[in-house]
Amino acid sequence: MTRVLFERIEDPGLSQYSYVVGCSKVGRVAVVDPRRDIDVYLDYASRRDLAITHVLETHIHADFASGARALAERTGAQTALSSYDAGERYEISFPHRELTEGDRIEIGSVRMEPLHTPGHTPEHLSFLVYDETESKDVPRVLLSGDFLFVGSLGRPDLLGEDAKRELAHRLFGSVQEKLAGLSDEVEVHPGHGAGSMCGAGMSARPSSTIGAERAGNPYLDPELSEEGFVDRILGSAPPFPPYYRRMKELNAAGAPPVARLPGGSGIPAPEFRARAEEGWSVIDVRDTGAFGAGHVPNSFGIGLGRNLSTWAAWVVPYDTPILLVAPDPAAVESAARALVRVGLDDIRGHLAGGITAWREAGFPLSVLPQITVEELHDRIERGQGPPVLDVRGDGEWAAGHVESATHIMGGTLMDRLDEVPVDGTGVAVICGSGYRSNVAASVLERAGFERLFTVPGGMGAWKAARLPFTTD
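Now for a description of the structure that goes with this document. Treat the numbers as computed from the prediction; the structure is a model and nothing was measured.

Before going further, it helps to examine the overall build of the chain. Scanning the chain from terminus to terminus reveals 15 helices and 23 strands. On C-alpha atoms alone, the chain measures out to a radius of gyration of 24 Å, which is about the 23 Å that the 2.2 N^0.38 rule sets for 472 residues. Dimensions of the chain along its principal axes, counting C-alpha atoms only, are 70 × 55 × 45 Å. For the chain, the residues scored as buried account for 57% of the 472 residues in total.

Below, the structure is given as structure tokens:
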């Protein structure tokens, strides 16, 4: 039986993968790219009587708050990070071992070697993992971080317009030089899967092989020239979330440990109202129907689930205290866990007794009505509005949308409020299924828009009802 320990740990909300790699014989493991709430790694090691001796990072992450510093402090593990950050815009400023290509990390029969694979970021490392009981010369796994995804590559525009073209050229060099010597059988285990905005067109499959990527990854096409590669990778980049810059700064400094998940204190309705009226951010994590039926005025409607981290990071101010409205204590914990993963730590508490307590106190409630796809279509046909705002991504919009709709990706709404279509009939906000339209409508409500509607089922329901749509 192999002595190699290899475990993928997924955060579905951010489509993020971290890895535990080690040797069962010596009882030691390394954790690669840990997330902020580190208990999952501590529990894994404890259940198997393992020691976490190394914490590795592929790069300074932009999309989530790293748990590297916290995990190393908690376990006494050695933090080993890229040495190629020297002189770059973002440099690691907390204590660590500097890794250079050619270095080795040995854990029993497992050997890990860093490869410098710049392009997504200047300092990016990938890790070759060797099982020395099988071969000391042929790696078994490539932990590719945000360099190589299944079906895609990492976006090279994280450092802004001035640097993106140079990084795209460096990414081309990494593909040509660092993958060339690897056999087709080497397994590829990336840092993200489908749904992440760290690259475009990622597959839903969590792993691949070098051979499969050579055959099917459009960026590994041997006929693609360097300039063609650069144009293709820059032309496919998803929208840029502004919070990425904040995450880079946080992770370069080392995201501080979270000793205990915040938000567990129940706040009575009168005090909750006072804090909300002072300008604290209220995040309501109930489902879209419950939020629409009645919510604390000016709260963000970001339902609990896999998208909470992403959308909270897009739209919630990071410099104001946060209050939660949740259906139960378990939801409070889940919400807090999702928020600290994107550096939204200042959660002061939750509404004691939930929205029922608010209602029983006689405090005002805002409502967000829903309009069915059939009713919306009928009103559009009769010229009675309301105008439609589609808040999906570019690809979804291009695949089919209401002909009269205006398209503004939901995460960019606050910067494009003057483009929101308005008339006396209000605005109908539509997305793919209803989740994002709830978020977007709550953002518009906070910005002072009135007569807002969400469309349950979104464009999925529109198409299922065989209502007409157009494509770009």
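Okay, back to it.
Each aromatic ring pair is specified by the distance between its two centres and by the angle formed by the two planes. Tallied over the entire structure, the rule returns eight aromatic pairs. Ring geometry for Tyr-219 against Phe-229: centres 6.4 Å apart, planes inclined by 80 degrees, an arrangement best described as edge-to-face. Of this pair, Tyr-219 sits in the loop between helix H4 (210–216) and helix H5 (226–235) while Phe-229 sits in helix H5, and the two are 10 residues apart along the sequence. Measuring from ring centre to ring centre gives 5.6 Å for Phe-240 and Tyr-244, while their planes differ by 75 degrees; the resulting arrangement is edge-to-face. Taken together, the ring pairs connect Phe-172, Tyr-219 and Phe-229 into an aromatic cluster. Above the face of the Tyr-130 ring, Arg-111 is positioned so that its terminal group lies 3.9 Å from the ring centre. In this arrangement the basic side chain of Arg-379 is found over the ring face of Phe-453, its NZ or CZ atom lying 5.9 Å from the centre.

A few words on the sheet that holds strand E22 (residues 427–430). The four strands lie next to each other as E21-E20-E22-E23, forming an open sheet whose pairing is parallel. One side of each edge strand has no neighbouring strand; the edge strands of this open sheet are strand E21 (406–407) and strand E23 (452–454). Relative to E23, E22 is paired through three bridges, and the arrangement is parallel. For Ala-428, the partnering residue across the bridge sits in E23 and is Phe-453. In this fold helix H14 (residues 435–446) packs onto strand E20 (388–390), E22 and E23, with an angle of close to 170 degrees to the strand it touches most, E23.

Comment: phi is negative for the bulk of residues other than glycine, and the bulk of peptide bonds are trans. Of note, the bond from Gly-385 into Pro-386 is cis; its omega dihedral lies within 30 degrees of zero at 5 degrees. Position of Pro-386 relative to the elements: it lies in the loop between helix H12 (373–381) and E20. Backbone geometry places Ser-15, a non-glycine residue, at a positive phi of 50 degrees. Considering the arrangement of structural elements, one finds Ser-15 in the loop between strand E1 (4–11) and strand E2 (16–23). Among the residues examined, Ser-15 registers a relative accessible area of 4% and is labelled buried. Phi angles above zero are rare outside glycine, and Arg-451 is one such case at about 55 degrees. Checked against the element boundaries, Arg-451 lands in the loop between H14 and E23.

This part covers helix H9 (residues 308–315). One full turn of an α-helix is made of 3.6 residues, so residues set three or four places apart face in the same direction. Burial within H9 is extensive, with eight of its eight residues counted as buried. Looking only at H9, the buried set comprises Leu-308, Ser-309, Thr-310, Trp-311, Ala-312, Ala-313, Trp-314 and Val-315. The secondary structure elements touched by the buried residues of H9 are helix H6 (243–253), strand E17 (300–301), helix H10 (329–340) and H14.

Quick look at the pattern of salt bridges now. Across all of its chains, the model carries 30 salt bridges by this definition. In this structure, Arg-111 and Glu-113 form a salt bridge, with 2.8 Å as the shortest nitrogen-oxygen distance. The exposure class assigned to Arg-111 is buried, which follows from its relative accessible area of 3%. Across the salt bridge formed by Asp-284 and Arg-286, the nearest N and O atoms sit 2.8 Å from each other. Exposure class is identical for Asp-284 and Arg-286. Each is buried.

Cut-offs used in this document
Residues numbered from 1 in each chain as written. Predicted model: local features only at pLDDT ≥ 70, side-chain atom pairs only at ≥ 80, totals over all residues. Heavy atoms only, no water. Helix = DSSP H or I, 4+ residues; strand = E, 2+ residues; numbered from the N terminus. Rg over C-alpha atoms; globule rule 2.2 N^0.38 Å. Buried < 20%, exposed > 50% of the residue type's maximum accessible area, 1.4 Å probe, protein only. Phe/Tyr/Trp six-rings, centres within 6.5 Å; stacked < 30°, edge-to-face > 60°. Lys NZ or Arg CZ within 6 Å of the ring centre and 35° of its normal. Pairing = 2+ DSSP bridges. Contact = heavy atoms within 4.5 Å. Axes fitted to C-alpha atoms, helices over the stretch in contact; angles between N-to-C directions. Salt bridge = Lys/Arg side-chain N within 4 Å of Asp/Glu carboxyl O.

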